[in-house]
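Descriptive structure summary
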Amino acid sequence: YRSDWLDLNAATQLFQADTDTSRADDQTINGWNARAGVRGKFGVGNGKLQPFANGTFLRNDLLDPDAQGTVRLTDQFFEGWTASGGVDWVMQDGHGAGFQYAVVREIPGDDEVQTLSVINAAGSYYLTPSTSITARYAWRVLCIDDDCKIGGGAQSGFLTMRTLLR
């Protein structure tokens, strides 16, 4: 669904993956995923405020890591999900800024559960109508089996220039 003030998206997908294309007796990984997103578009001042939220879920068969010389599925599943939300401020001249929080959780059967949390902040400024510079900062924390270390986050920053060649 799309309108002047709201976008809604949703999709599902079924998939099969051949685990070994050189063999006829291998097992196939079956899985599915679903995803959805929403974005508001509100005119404020000389730009648009765009809050957004997205989510996904994935489930598929797991291969047996102990099956030597053969490809065999386990009776367990890999499951994962993501959730994110944030807000973008886009001005009419293209300048803008944004903030986002995202979390990714992976549950591989009985193996350790991993959760990655990420905070992003960025701003863009157009030097010309076709050239912009962007500054971006990200902070992330990886938790294994819900064991998160305070101060254990990794940080990164980027300064990029982009130009459109016509």
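Residues numbered from 1 in each chain as written. Predicted model: local features only at pLDDT ≥ 70, side-chain atom pairs only at ≥ 80, totals over all residues. Heavy atoms only, no water.

Focus on the packing of aromatic side chains
On inspection of all chains with the given rule, the structure shows 1 aromatic pair. With a centroid separation of 5.2 Å and 45 degrees between ring planes, the pair formed by Trp32 and Phe57 is classed as tilted. Of the two residues, Trp32 sits in strand E2 (residues 28-40) while Phe57 sits in strand E4 (residues 47-63), which places them 25 residues apart along the sequence. Its relative accessible area of 35% is what places Trp32 among the partly exposed residues. Note on Phe57: relative accessible area 27%, which makes it partly exposed. Here the basic side chain of Arg59 rests over the ring of Phe77, its NZ or CZ set 3.8 Å away from the ring centre. (Phe/Tyr/Trp six-rings, centres within 6.5 Å; stacked < 30°, edge-to-face > 60°. Helix = DSSP H or I, 4+ residues; strand = E, 2+ residues; numbered from the N terminus. Buried < 20%, exposed > 50% of the residue type's maximum accessible area, 1.4 Å probe, protein only. Lys NZ or Arg CZ within 6 Å of the ring centre and 35° of its normal.)

Remarks on the state of the cysteines
Per the stated rule, a full pass over the model turns up 1 disulfide. Sulfur-sulfur distance for the disulfide between Cys143 and Cys148 comes to 1.8 Å. On the S-S bond that ties Cys143 to Cys148, the torsion sits near 120 degrees, and the link is right-handed. Here Cys143 falls in the buried class, since its relative accessible area comes to 7%. According to the relative accessible area criterion, Cys148 is partly exposed, its value standing at 38%. (Disulfide = S-S within 2.5 Å.)

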